[in-house]
Protein chains: 2
Amino acid sequence: MGAMKWWGWGEEGVAFTHEDKPGLAPFIERVIGLDVRRPGTPTIAFEQLHVAEPNLPAPLRSALERAVGADQLSTDAHERVVHGRGKSLRDLVRQRRGDLGRLPDAVVRPADEDQATALLRAAIDSDAVVIPFGGGSSIAGSLEAEPGERRPVISVDMARLNRVLAVDPTSQLARVQAGVFGPDLERQLNAQGWTCGHFPDSFTHSTLGGWIATRSSGMQSDRYGDIADLTRGLRVVTPSGVLELRPVPSTSTGPSVREMVLGSEGRLGIITEATIHVRRLPPQRRILGYLFPTWAAGLAALRDIAASEASPSVTRVSDAAETALSFATRKDPTLLDKLKSRALQVFLERRGVDPAVMCLSFIGYEGSADHVAVQRKLTERIVKRHGGLGIGQSPGELYDQKKFDTPYIRDFLLDRGAPSDVSETSAPWGELQTVYDNVMAAGHAAFDQLGMRGYLMCHLSHSYHAGACLYFTFALNPSGTRDALEEYDVVKSAIQQAFVDSGATLSHHHAVGTEHAQWLEEDISVPGVAMLRALFEGTDPGANLNPGKIVVSPPDLGPGETLPGGESSSANGRAGGSRRSVDAQQGSQPPA
Amino acid sequence: MGAMKWWGWGEEGVAFTHEDKPGLAPFIERVIGLDVRRPGTPTIAFEQLHVAEPNLPAPLRSALERAVGADQLSTDAHERVVHGRGKSLRDLVRQRRGDLGRLPDAVVRPADEDQATALLRAAIDSDAVVIPFGGGSSIAGSLEAEPGERRPVISVDMARLNRVLAVDPTSQLARVQAGVFGPDLERQLNAQGWTCGHFPDSFTHSTLGGWIATRSSGMQSDRYGDIADLTRGLRVVTPSGVLELRPVPSTSTGPSVREMVLGSEGRLGIITEATIHVRRLPPQRRILGYLFPTWAAGLAALRDIAASEASPSVTRVSDAAETALSFATRKDPTLLDKLKSRALQVFLERRGVDPAVMCLSFIGYEGSADHVAVQRKLTERIVKRHGGLGIGQSPGELYDQKKFDTPYIRDFLLDRGAPSDVSETSAPWGELQTVYDNVMAAGHAAFDQLGMRGYLMCHLSHSYHAGACLYFTFALNPSGTRDALEEYDVVKSAIQQAFVDSGATLSHHHAVGTEHAQWLEEDISVPGVAMLRALFEGTDPGANLNPGKIVVSPPDLGPGETLPGGESSSANGRAGGSRRSVDAQQGSQPPA
């Protein structure tokens, strides 16, 4: 797995296009007044960027080269730019502008835990900053050095630690190196008949260590659990040596150190290895489509499923706005035409489904044929009670195939100047409708305040006993008179503020980083942040480990620093080139 | 729920007896050479104890009285003795000897969070030590002040915070005050049709806050989860204010502060409230008995159940030694006679079950009648594959009714001078047989080293995807020539050491306290302990919150201190009085 584009999501040459989706351009024009048929903005080439010289004192360079080998240390400009930050909307916009931030001074690639230990020791001895780097897919600002950082900054790329070391079939556990990417992990496990079952949207461009460091959650978490459930044993290189946590199923050894490493975003050390749950590849796997007459009915159905004896592997429902986008994103117009046909409308109306407010849902089942049949029967009984209507297998299959293409859409819209982004949260079942209503009100109030046209939509995914995740996506057509990032901030902040004001959390599975840090005290309260600070400062007294993430650095570390680059750069856009088309989409696929 | 006996488990007047169990006394005599038919040792009355005067400076007393009301502060000798420690074997032996340790100087009973906040503030302002107290059932030494503690020590009894504040039926969550005892919690929830489903052996004498502070696990954890899974929201009075964690189902807000409070044993603050999972009372609940031909077959069956699509609510199997005790503990001799009958032996042999090595198992099912039937069918298919044999409902019912009486047996044996205790651990499925073998070897080597007769037995309970809990019980017939606690220590230490040497954990659900603290570095590694220390020291810089638990205090806090009392006391035994008989038992009931 190579590094992603320096300016956007995914591999060079792969992009989203509207051209094979006849309904999409008219839809976008209708909802935010943006004509995506016009070509994108001209771009500058990488060579036109201003990349600052690295600050890597010779003794530090020597020590790092001794740690990982001279050929595994790079100060190459492209490497440093690619490793300089993640892929948040703010990251993408700034990269396109040539505002590169405080770039790392070197990228090192350890081969194993010993090398990671040696490089961390070298860095701390030279008072350098160490930032572990997995797939670089962070959308929370977890990977960028602090703007005023004067110390050398080392990005530690974990991609060489990419092996499944052992599978214990009796315990259903696998020892895995933390730098492995999602597809490579599944390939190695599948070859032995196993799966980890963790499929976040970032799957193709994220790593096991990154999932652990950010508390990732995959689309089948209802069955497999979040990464926090899947991760049992851990090995982490810390300033005081290698932390070794045994892969025991449950333990009573005081506050959970395992649950401190989970979500630590590099602030406690470099995660080198994890022992994770694996399961036999299921004989059957089905993801079926359903339509609910309203969002409220969809929420109620999924809540009742969570409280029932049914245990589907995926539960997901989109609101009407996201459902409309899904139908507009179809390649094959046949079904939309069918839906629009008088006969089908009559049918839907008889079932109480108004096409304007209907909500598309996917529910997955997996296991033996018997198990799938029983789960499906139990689940569909509840779906039916809430007026839901099965629409078969092909929409779910399409969704399942295309789900990892979603992040490409942000680049497609940014090519045309339009920021779009996501914000997700979780809350108890009883609060979800209120959280949803409050976020919708806050988002639309932000659009109104800016005098802009925007679109805001949502789906529910990741069901638990006592609540679920709500995942919001928004896009806006910038005014052109103000800075697009400032306009974006107004909307993003309004949504995040609505989360914490409504009793929900600042993020269900995207982490805190720097993007969400300002809401942390409102979420986990002041004493909660104090505990995190105590943990970080006590474990890393020199503040060498990815400082400033989750809990902001104390004001005495770099007061009055200004962001290098900032608004001064006029570089905008990116290098062109031929692109492979992908069928990325933010929402989900309609029946085809 | 009143306080427990100052010298033993449970309520005054309740005790275990062998008299209605004709097989038990011969069994004990056979296995450890102890004649339990001889009457217990004479005891001293509470009045004969030497109880040190409390050290409670007047300004601190006034501040505490202002915090909780003068009538809710006590310096009464009996109160202080009852709150001085928990119920570990070491605690029981020392209490019986009149070695009371560093008693608290006062017991306070806050009525609510505001009072808890005020008393913590008062204590910190006076540099006093605060030890939260739930049911006092700790068997890990979590409740006793450090021997050399010179500061005033305040025991905070949480029993007045005993209400279920609200049940949210939509979210399946209940807001509950942390001082509520198990039976009271279930009574309040059951009245509204709900259950928490958390039933540890200590259930009748432990509280929600205590479960959270020690990472408790209940007998139906396979279905309901451990307390760590059941606990979502938390309110904790800390030195920097009230920690408020939202009851969200999952969150990505950095290292989990929720999982720091879990297992914190009072070192981070006073837990006042939790929002916990609740479930509708199940229509059906069955606990059925099974016999496996060998321990290995029982382990393999339970492992296969955990890997299957079956989801029973309880999975438990005893080894042959525990099975033998169970059969010896029956009240009704009919079944043993039956088992011993030639006909049944032939029957068992035909099924491949040797009565000398057979293993008794309980498997529970709950939910709708359909669900129970399906789970039972799936499970029994696996049981049968491993040579298991169903023995019906009555053994399980008896076990279910009597399980909370188990802790009384330690007092019964101590009355006759014999120490007995438990040590439990967890490990991956693939390691359980090795852990078991190593612990058995270590325990018996310890008996041999001491030249004593001892008994060591085990059951598996609490199954997870990737492993399970092994729960060991041992008893020894002391030599009479050495200190019984020293002899006990040799055995207890050998077992604990075998845990950590075998890759298992020092405790699955009994916590660290002081009893297990010496194995913590071997379990979670030196950097893991360093992280806990960072958390505790940063959150509680004055070391006012239950210091010395989990992570031992730095040597500069009380070097060279000696334990008051020590071996000097000749007090032994306890006050007599009429006792209600309970059918306590360490293992499990035979078919009746």
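Predicted, not measured: the structure shown is a model, and the values here were computed from it.

A. Quick peek at helix H16 (residues 394-402) of chain A. Residue and element names in this part refer to chain A. Every buried residue of H16 is listed here: Pro395, Gly396, Tyr399 and Asp400. The arc that holds the buried residues of H16, viewed along the axis, is 135°, so those residues lie on one side. Among the structural elements, strand E13 (284-292), strand E14 (314-318), strand E15 (359-367) and strand E16 (389-392) are those in contact with the buried residues of H16.

B. Inspection of the packing of helix H11 (residues 295-307) of chain A against helix H18 (residues 432-450) of chain A at higher detail. Residues and elements named next belong to chain A. At their nearest, the axes of H11 and H18 sit 11 Å apart, and the two run at 145° to each other. When you trace H11 past H18, the crossing you get is right-handed. In this structure, H11 uses Trp295, Ala296 and Leu299 to contact H18, whose residues at the interface are Leu432, Gln433 and Tyr436.

C. Quick peek at the sheet that holds strand E11 (residues 270-277) of chain B. Residues and elements named next belong to chain B. Spatially, five strands are ordered E6-E7-E11-E9-E10 in an open sheet, and the strand pairing comes out antiparallel. With one partner strand each, in any of the chains shown, strand E6 (164-168) and strand E10 (241-245) form the two edges of the open sheet. When strand polarity is set aside, the average angle formed by the axes of neighbouring strands in this sheet is 10°. Here six bridges tie strand E9 (residues 231-238) to E11, and the two strands are oriented antiparallel to one another. In the strand pairing of E11, Leu234 is matched with Ala274.

D. The arrangement of the relation of the copies chain B and chain A in detail. With an RMSD of 0.0 Å, chain B superimposes on chain A once it is rotated by 180° and translated 0.0 Å along the axis. Here the two chains are linked by the operation of a two-fold rotation axis. Considering only C-alpha atoms, the part of chain B nearest the rotation axis is Leu535 of chain B, at 2.4 Å. Take the interface residues of chain B: 100% of them recur as interface residues in chain A, which is what a same-surface contact looks like.

E. Summary view of the interface of chain B and chain A. Contact residues are listed per partner, giving 81 residues for chain B and 81 residues for chain A. For chain B, the biggest contributors to the area lost against chain A are Arg246, His465 and Met531 of chain B; these three give 13% of the whole. At the surface where chain B touches chain A, the tally comes to zero salt bridges. For the interface between chain B and chain A, the tally reads 42 residue pairs in polar contact (both at pLDDT 80 or more). Of all the elements in the fold, those that place two or more residues in the side of chain B that touches chain A are E10, helix H10 (258-261), helix H11 (295-307), strand E17 (420-428), strand E19 (467-477), helix H19 (484-501) and helix H20 (520-539) of chain B. Looking at the side of chain B that touches chain A element by element, the count peaks at 15 residues for H20 of chain B. Each residue belonging to the side of chain B that touches chain A can be placed in one class, and the counts come to 37 nonpolar, 33 polar and 11 charged.

F. Local environment of the sheet that holds strand E18 (residues 453-463) of chain A. All names here are of chain A. If you trace the seven strands from one edge of the open sheet to the other, you get E16-E13-E15-E14-E18-E19-E17, paired in antiparallel fashion. Of all the strands in the sheet, the pair left with one neighbour each is E16 and strand E17 (420-428). Neighbouring strand axes in the sheet, compared pairwise and without regard to direction, differ in orientation by 25° on average. Direction of pairing for E14 relative to E18: antiparallel, over a ladder of two bridges. Each residue of the ladder has a partner; that of Ser318, found in E18, is His459.

G. Spatial organisation of the confidence of the model for chain A. Residue and element names in this part refer to chain A. Of all residues in chain A, 91% attain a pLDDT of 70 or more, and the chain-wide mean is 91. Here residues 557-592 is modelled with pLDDT under 50, and outside its nearest four sequence neighbours on either side it reaches 120 contacts, counting other chains as well. Across the whole predicted complex the pTM is 0.93, and at the interface the ipTM reaches 0.93.

H. The packing of aromatic side chains, seen in detail. With the rule as written, the count across this model stands at 18 aromatic pairs over all chains. Relative to Tyr455 of chain A, the ring of Phe27 of chain A has its centre 5.6 Å away and its plane inclined at 90°; by these criteria the two rings are edge-to-face. Pair noted here: Phe27 of chain A is in helix H1 (residues 24-32) and Tyr455 of chain A is in strand E18, with a separation of 428 residues, a long-range link. Across the pair, exposure class does not vary: Phe27 of chain A and Tyr455 of chain A are buried alike. Judged by centre distance (5.8 Å) and plane angle (70°), the ring pair of Trp6 of chain B and Phe46 of chain B falls under edge-to-face. Pair noted here: Trp6 of chain B is in the segment before strand E1 (14-16) and Phe46 of chain B is in the loop between helix H1 (24-32) and helix H2 (58-68), with a separation of 40 residues, a long-range link. Phe46 of chain B shares its class with Trp6 of chain B; the two are buried. Grouping aromatic residues by their ring pairs yields a cluster made of Trp295, Tyr436, Phe472 and Phe499 of chain A.

I. Inspection of the pattern of salt bridges at higher detail. Summed over the entire model, instances satisfying the criterion amount to 68 salt bridges over all chains. A salt bridge links Asp415 of chain B to Arg96 of chain B, with the shortest nitrogen-to-oxygen separation between them at 2.9 Å. Of this pair, Asp415 of chain B sits in helix H17 (residues 408-415) while Arg96 of chain B sits in helix H4 (residues 89-97), placing them 319 residues apart in sequence. Like Asp415 of chain B, the residue Arg96 of chain B is buried in the burial classification. Salt bridges here are not isolated pairs; linked through shared partners, they connect Arg85, Asp91, Arg94 and Glu144 of chain A.

J. Fine view of unusual backbone geometry. Residue and element names in this part refer to chain B. One non-glycine residue with positive phi stands out, namely Gln172, at about 55°. With respect to the helices and strands, the residue Gln172 is situated in the loop between E6 and strand E7 (173-177). For Gln172, a relative accessible area of 6% puts it in the buried group. With a phi close to 60°, His462 is a non-glycine residue in the positive phi region. With respect to the helices, strands and loops of the structure, His462 is situated in strand E18 (residues 453-463). By relative accessible area, His462 is classed as buried at 6%.

Rules behind the numbers
Residues numbered from 1 in each chain as written. Chains lettered and ligands numbered in written order. Predicted model: local features only at pLDDT ≥ 70, side-chain atom pairs only at ≥ 80, totals over all residues. Heavy atoms only, no water. Buried < 20%, exposed > 50% of the residue type's maximum accessible area, 1.4 Å probe, protein only. Helix = DSSP H or I, 4+ residues; strand = E, 2+ residues; numbered from the N terminus. Arc of directions from axis to C-beta. Contact = heavy atoms within 4.5 Å. Axes fitted to C-alpha atoms, helices over the stretch in contact; angles between N-to-C directions. Left-handed = near helix turned anticlockwise from the far one by under 90°. Pairing = 2+ DSSP bridges. Least-squares fit on C-alpha atoms with pLDDT ≥ 70 in both. Buried area = accessible area lost by both parts, 1.4 Å probe. Salt bridge = Lys/Arg side-chain N within 4 Å of Asp/Glu carboxyl O. Polar contact = N/O pair within 3.5 Å; in protein donor to acceptor, adjacent residues only side chain to side chain. Nonpolar A, V, L, I, M, F, W, Y, C, P; charged D, E, K, R; others polar. pLDDT = per-residue confidence, 0-100. Phe/Tyr/Trp six-rings, centres within 6.5 Å; stacked < 30°, edge-to-face > 60°.

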